[in-house]
Amino acid sequence: MNAPTGLGTGAQRLIGKRVTRKEDGRLLTGKGTFVDDVAVPGMLHTAFYRSPIARGKILSIDVEEARSLPGVVAVYTAEDLKKRPVVFHTFYMTPGEVPMGPLAEGDVRYVGDPVVMIVAKDRYVAEDAAGLVVVEYDEEDPVVTIADARKGAVVHPTTESNVAQVMGIEDDEDIEEELAKGAHLVTSTVIHQRIAQSPMETRGVVSDPRGEEELVVHITCQSPQLVARWLSLALGLPDMSIRVLAKDVGGSFGLKNHPWREEVAAIVASLLLSRPVKWTEDRLEALTACNQAREQEMTTRVAFDKDGKILAAHADYSSNNGCYPQGADANVAVHMFMWVAYRVPVPGFITRAWYSNTPGLAAYRGPWAMESLAREALFDKAARQMKIDPVDLRRKNLIRRSELPYSTAAGIPVDDMSPAECFDKLLETFDVAKFRREQAEARKQGRYLGLGLSAYVEPTGSAGSMAPMTGELAQLRVEPTGKVTAMMSTHSQGHGTQTTMAQVIADQLGVPYEDVTVFEGDSSRGGFAPGAAGSRQAVLGGGASIKASKLLKEKIQAVAAHLYNANPESVSIENGMVKIAGAEEMTRSLKEVAEIAYGEPMRLPQGMESGLEAQYRYLPPPMTLTSAAHACVVEVDVDTGFVKILRWLCSEDCGMVINPAVVEGQVAGGLAQAIGQVLLEEVHYDERGNPTAATFKDYMLPAITDVPDFEYIHSNIPANNEGGFRGVGEGGAIVGPPTLFNAIADALSPFGELPVSLPVTPSKILDFVEGRSDEAEATPPPVAGTPEPAFDAEAPGASAVLSGALPLSVDGEWQVTMQPPVGPKQEMVATFRTEGGVLTGQLAAPEGTQEFSGTVEGNRLKWEMKVTQPMPITLKYDLTIEGDTLAGTAKLGMFGKAKVSGERIGGAAAAPTPAPAAAPAPVAEAATGPAAIDGNWDVVMKPPVGPEQTMVATFHTDGGTLTGKLDAPEGAQEFSGTVEGNRLKWEMKVTQPMPITLKYDLTIEGDTLSGTAKLGMFGKAKVQGTRAG
Amino acid sequence: MKPAPFDYVAPGTVAEALDVLAEAGGGATLLAGGQTLMPLLALRMSQPFILVDVNRIEGFRGISHTAESTRVAAGTRQAVALADAEMKGAQPVFNLALSHVGHYQTRNRGTIGGSVSLGEPAAEMPATAVALGAEIEIHSRDRGTRRVKADEFYLGPYMTVLEPDELVTAIHYPRWGADAVTVFREVAQRPGDFALVGLVGRVAIEGGKIARAGLAWFGMGPTPIKARQAEQALIGTALSDIDPRGIAELAIADTDPFTDHHATAHYRRTVGRRIFARTLGEALNIQQAAA
């Protein structure tokens, strides 16, 4: 383990201690302040009349009776609220993809869609009035499930289909080719139910406008700063001072990232009325009309070689994003993060999000968690099929420390941690062999024990990669009292950041933990930051706390050094006392130094700012990886289908641990959610789109009796960031579901392959055990022990067809030039030997000579070779020989294709000549056709997500060769490619926002061009352009 | 989730309460422990004109025993009944079933009479009353007192023979004798949930034969269901001749389970058959071993 850098110098180390939480006193005695505790004089209350049908036209709305009820102050429809227009923004602070308002207009699109808002003197009257609203509908058939969305009517009239977003490559032949190379191809389908986030504190807001200049909003949320920014954008209030407060928050789990329809309606109503307005979501609304999470389907295929090493993988993902998702997100993160712990040379995917007549999708702890469930469930299935121990199968593929730095195929750098070590530590504590003996013994008695294992790596501490994911801010001061105050942009929804940040600060400054107070939960303190989202607060808030503490400490040292005529380096702070090395008698309390710093500026060094204050906004690397490996043991009662969790071990690497109790609390909370997802919870809709779980009697959260005591193994490796911290907020919820599912599937493996369809209820388990597949979703389980059709690996060349071509036309030495999509050309000499359909040979390049073997079919040569420089990839050559020349491509892993051309050395037709250098083609030459291409073009690229990009392209053609330059605001980049008629193709590598290869394929018609740019594995962008004047 | 407007009365005696009910003409709802009613009011699924709070009625609580039966006053809190030492000996299966009602906290408020008279088909207390052959003591102002056998009390989900002007004042549980074995098994996804499948009852044995059997299902139909065929088959049969699986088949034949998103009817029947056979077998074996 590296020695952590930059950690505390105080006499008492606080990082790593289980200190008493600063929050617990008020929370455990009922003195917390949640939104519903907020009362403002003159405050009004709201209730909503909501649609009882999932889809239909609104024919009429009669609010007269409601309006005339005594105590009712206002009754609003969508039309009324338009006086304050709202543009709903996504988490990325961009306008949402489909038009929407706080209330339904014209149509209703899900059961619970708010149609009319009542503002009244109290909530009782508001609900009475809501009961008097009369709305007539023309009901239509709803789109409820993903299957409905595929074939049903369009949910939003503004979209062409129900596809909210699609990314990835459809029918990717390259991936299919790679998958076909495996000795075993294992397929697994996962069906994940819809989840209600169910924070203990439901959504709520108190909106308190104070004239036209100031708006105070109390709202339960994840970051008051982010909400203030969101409201300013969504409500178009650039001139209004918006202050957002959230003292205590009773859980969020992603739901409260930013406000949504009802909160916004209440805020708009308060602005229209110029009076404070409160809305508190009740549990019925929270379970039926609030945004929800998950509801995904995913089919994963993984090709393994005969030893169990992964060769390639493909995932086909769909999610039901409901009607108004908080971002029409196809969850590309699932695919980005699927293969970070394991080596997968060639991953591919297609991912789609669908609109439906159900509440919208919002984030939920580990929004990409499907990747771990799909991958880890598939591993166990593969292990059974291939008859390999699931431990060995994982070990063969886990990334080991010796391989670092490693870059995943999706471009994620793995350089400061080791998923294999995390897994090994788990198995040092859990004796798998012993368990297998117990399992075998138990089965003889008709008892079904199962072991589930999972490993994963997730990116935490996201920063700097997306505009809203800024650094976090720490503002520190030593008060004149000698106490330390921190104003943080972090925010706790149960995270305990008031405790952990105080630990970091006290540790760093050398003051008692009790002397540090952390203020957060108020947008008027600290500065903009996204706060809690994506397991980032320990990394960013912790880092900011350290950096700001260092600055503050330097100032204290400077002041003390000046006061005592000492060297600043000789000044230390221990337990709140400022000491001078070698001069014990000079020791003074921090209070004394602070009093001077604030109140006696003449005693400070010349020109020094008075006071003791410092701030720092910390921006770590774009992501900090966290890894974990879990093991779970269950017993399944095959008579009743009940699952009992007997043991659960968590080995986790969250870097430097600030407070083990907080870390364990985060892991345990996530695992409780995992248990709920695997065994109990389900938001279910009937075929008319009616929710069938409207209370906690039917929406079954795990209770304390359903959650076992977890055993924790801290397998920590400090991260390469300030403090060495890694995020740990989401891990349990990500790795928990596959761990528990795998344990159940292992227990029931004598009965076949348990379909991965959550929740695994007793009823489903019994159906499975008894072979009733009619009620089980997914594919019917195969008969126990029968592997899925696996095909044997075809050794390169085995499938070669003997050719009748003349071997002599191939054999010999060739001068070969390879032009990669980026970077310089490579010159090589190739030697080919053919025998029947078999090709052998060698390639001699300046870096060295490498042998290869492949196939020859007619005049076509194919072979593969691995290179390790500049990165480990496989090159696939595919060349065609015509007389004394050869031409073709070399596919460079997932990074695109290089053009290869060559000539026979000493051939009859031509002497070897170097490939022509790309040179700007004279405009005059353009008359024959290329002229229509050469020159400058204004080009717009529209990626599947994110904003359009505007660029200027410059093309030069020379015969079939294209060279040019793309000039974008971020910078200019050269490229070279091919031109064939009016079709231009080239490839170029970019490193921002991530390292991918763009493959352009454009066609020019007169003065316009159009086509696509394939964005690595992330799908295609539309490209259009016009000739620049 | 705020109740619709209602009038509130809190009578001090049974007579006062019956007066209110008689005058209300069906517009009154009784509030006892409120563990079911309060959520229903908040959800506006129940919108009474008058809420009659029976918590302050004198003598509405308490447990008394005679040689033949145990009288539990309707307003007795579940937690009080559960903690009653004498009750454990006199009515062991009542005690066992009651420990599965709701949660520790809800039992502090919930009442025996409330649970029995609500008629939730998947709840423990109605089925226990049916299994043990309890009688429900009912009062009305205009027609006086009547007693209804528990297995004739329930008509459907939340539907009973109670008239709008009637008040359940007590439940009388026959005493089965200390030797009668107890039968209880509940399959619920979480402790405190309504049962997916539940079984409760007692079986008395004399001279190696079944002398008496009272068995009822919960969660297996629109009401608690008395396993009549199984009871009849058991009575008079020698212990050595009992085939628990065969009896379970008869018991299942009387049920009418439903499918919901927690479990299928098939699941309920399958698991019901198994737990019946297992629980009965275990109960009788224990008795044989003790004898």
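Given the structure is predicted, the values throughout are model-derived calculations rather than measurements. Note on numbering: residues in each chain are counted from 1, in written sequence order. The lettering of chains begins at A and the numbering of ligands begins at 1, in the order of writing. Only residues with pLDDT of at least 70 get local features here, since the model is predicted, and only at 80 or more are side-chain atom pairs given and counted; chain-wide, interface and lining totals rely on the full set of residues.

Enquirer: Sorry if this is basic, but what is going on with the overall build of chain A here?
Expert: When helices and strands are counted, chain A shows 20 helices and 45 strands. Here chain A has a C-alpha radius of gyration of 32 Å; the compact-globule value for 1029 residues is 31 Å, and the two agree. For chain A, the spread of C-alpha atoms along the three principal axes comes to 95 × 80 × 80 Å. Put plainly, a residue is buried at 20 or more neighbouring C-beta atoms within 10 Å of its own, exposed at 12 or fewer, and partly exposed in between, counting only other residues' C-beta atoms, which are placed from the backbone. The buried share of chain A, reckoned over its 1029 residues, is 53%. By the convention adopted here, residues are in contact when the distance between their C-beta atoms, placed from the backbone, does not exceed 7 Å. Once local pairs closer than 6 in sequence are excluded, the contacts in chain A between residues at least 24 apart make up 71%. A helix here means a DSSP run of H or I that spans at least four residues, while a strand means a run of E at least two residues long, and both kinds are numbered starting from the N terminus. For the radius of gyration, the atom set is restricted to C-alpha positions; the globular benchmark scales as 2.2 Å times the number of residues to the power 0.38.

Enquirer: I would appreciate a short explanation of the domain arrangement of chain B in the present structure.
Expert: When the parts of a complex come together, some accessible area is lost, and that lost area is often taken as the interface size. Residues and elements named next belong to chain B. Under the domain assignment, chain B is made up of domain 1 (7–56), domain 2 (63–174) and domain 3 (181–290). Computed from C-alpha atoms alone, the centre-to-centre distance between domain 1 and domain 2 is 18 Å. Across the boundary between the two partners, domain 1 contributes 14 residues, which contact 18 residues of domain 2. Charged residues are taken to be Asp, Glu, Lys and Arg, nonpolar residues to be Ala, Val, Leu, Ile, Met, Phe, Trp, Tyr, Cys and Pro, and polar residues to be all remaining types, Gly included. When its residues are assigned to classes, the side of domain 1 that touches domain 2 shows seven nonpolar, six polar and one charged. Here the bounds of each domain stem from an automatic or database domain assignment.

Enquirer: Would you mind going over the sheet that holds strand β7 (residues 144–149) of chain B with me for this structure?
Expert: Strands pair in a sheet through their backbones, by hydrogen bonds, and they do so in one of two ways: parallel or antiparallel. All names here are of chain B. Spatially, five strands are ordered β4-β5-β10-β6-β7 in an open sheet, and the strand pairing comes out antiparallel. Here the strands that pair on one side only, and so sit at the sheet edges, are β4 (63–65) and β7. If you compare each strand with its neighbour and ignore which way they point, the axes differ by 20° on average. Of the pairings in the sheet, the one linking β4 to strand β5 (residues 69–73) comprises three bridges and is antiparallel in character. Residue pairing for β5: Ser 64 is matched across the bridge by Arg 71. To obtain each axis, a line is fitted to C-alpha atoms, and for helices this fit is confined to the stretch in contact; angles are then taken between N-to-C directions over 0 to 180 degrees. Docked against the sheet, helix α1 (residues 14–24) engages β6 (135–140) and β10 (167–174), running at close to 125° with respect to β10. What makes two strands pair is DSSP finding at least two bridges between them.

Enquirer: Explanation requested: the packing of helix α18 (residues 660–680) of chain A against helix α19 (residues 731–747) of chain A in the structure shown.
Expert: Residues and elements named next belong to chain A. Contact geometry for α18 and α19: axes closest at 7 Å, N-to-C directions at 45°. What the angle tells us is that α18 and α19 run oblique. For the element pair α18 and α19, the recorded crossing hand is right-handed. Between α18, through Gln 666, Val 667, Ala 668, Gly 669, Gly 670, Leu 671, Gln 673, Ala 674, Ile 675, Gln 677 and Val 678, and α19, the contact on the second element is made entirely by Gly 731, Gly 732, Ala 733, Gly 736, Pro 737, Leu 740 and Phe 741. Grouping the constituent residues of the contact of α18 with α19 by class yields ten nonpolar, eight polar and no charged. Roughly parallel refers to an angle under 35 degrees, roughly antiparallel to one over 145, roughly perpendicular to one between 65 and 115, and oblique to any angle outside these ranges. Note: crossing handedness is left-handed where the near helix turns anticlockwise from the far helix by less than a right angle, and right-handed where it turns clockwise.

Enquirer: In this structure, what is going on with the domain arrangement of chain A? I would like to understand it.
Expert: Residue and element names in this part refer to chain A. Annotation of chain A at the domain level lists domain 1 (33–141 + 202–249 + 256–288), domain 2 (293–461 + 623–769), domain 3 (466–618), domain 4 (807–904) and domain 5 (923–1027). For domain 1 versus domain 2, the separation of C-alpha centres amounts to 37 Å. With 17 residues of domain 1 in contact, the opposing surface of domain 2 contributes 19 residues. Of the residues contributing to the side of domain 1 that touches domain 2, the split by class is nine nonpolar, four polar and four charged.

Enquirer: Please clarify how the interface of chain A and chain B should be interpreted in this entry.
Expert: Counting from both sides, the interface comprises 22 residues of chain A and, opposite them, 18 residues of chain B. With four residues, the top contributor of residues to the side of chain A that touches chain B is helix α4 (residues 123–130) of chain A. Grouping the constituent residues of the side of chain A that touches chain B by class yields seven nonpolar, six polar and nine charged.

Enquirer: Which parts of the structure should I look at to understand the nonpolar core?
Expert: The nonpolar side chains of a soluble globular protein tend to be buried with one another. Any nonpolar core is a set of buried residues, restricted to Ala, Val, Leu, Ile, Met, Phe, Trp, Tyr and Cys, that join up through C-beta atoms within 7 Å. In this structure, Val116(A), Ile118(A), Ala486(A), Ile505(A), Ile744(A) and Val200(B) are the most contacted members of the largest nonpolar core, which totals 355 residues. Of all the elements, helix α16 (residues 537–564) of chain A adds the most residues to this core, at eleven residues. Among residues more than four places away in sequence, those in contact with Val116(A) are Phe48(A), Tyr49(A), Ile61(A), Val63(A), Val75(A), Tyr76(A), Thr77(A) and Val133(A). If you look at the next biggest cluster of nonpolar residues, it comprises 19 residues, including Val816(A), Leu843(A), Val856(A) and Trp863(A).

Enquirer: It is not clear to me how helix α17 (residues 590–599) of chain A should be interpreted in this structure. Could you clarify?
Expert: The periodicity of an α-helix, 3.6 residues per turn, causes residues three or four places apart in sequence to face the same way. All names here are of chain A. For α17, the complete set of buried residues consists of Leu 590, Val 593, Ala 594, Ile 596 and Ala 597. The arc that holds the buried residues of α17, viewed along the axis, is 160°, so those residues lie on one side. Lining the buried residues of α17 we find β19 (472–478), α16, β22 (571–574), β23 (577–580) and β24 (588–589). By definition, the arc is the one covered by directions from the helix axis to the C-beta atoms.

Enquirer: Would you explain unusual backbone geometry in this entry?
Expert: Most peptide bonds adopt trans geometry, and most residues besides glycine take a negative phi value. Residues and elements named next belong to chain A. The residue after Leu 404, namely Pro 405, is reached through a cis peptide bond having omega -10°. Examined against the element boundaries, Pro 405 turns out to sit in the loop between α12 (390–397) and β16 (406–407). Backbone torsion omega between Leu 758 and Pro 759 reads -5°, so that peptide bond is classified as cis. Here Pro 759 shows up in the loop between β29 (756–757) and α20 (762–769). For Ser 198, which is not a glycine, the phi torsion comes out positive at approximately 55°.

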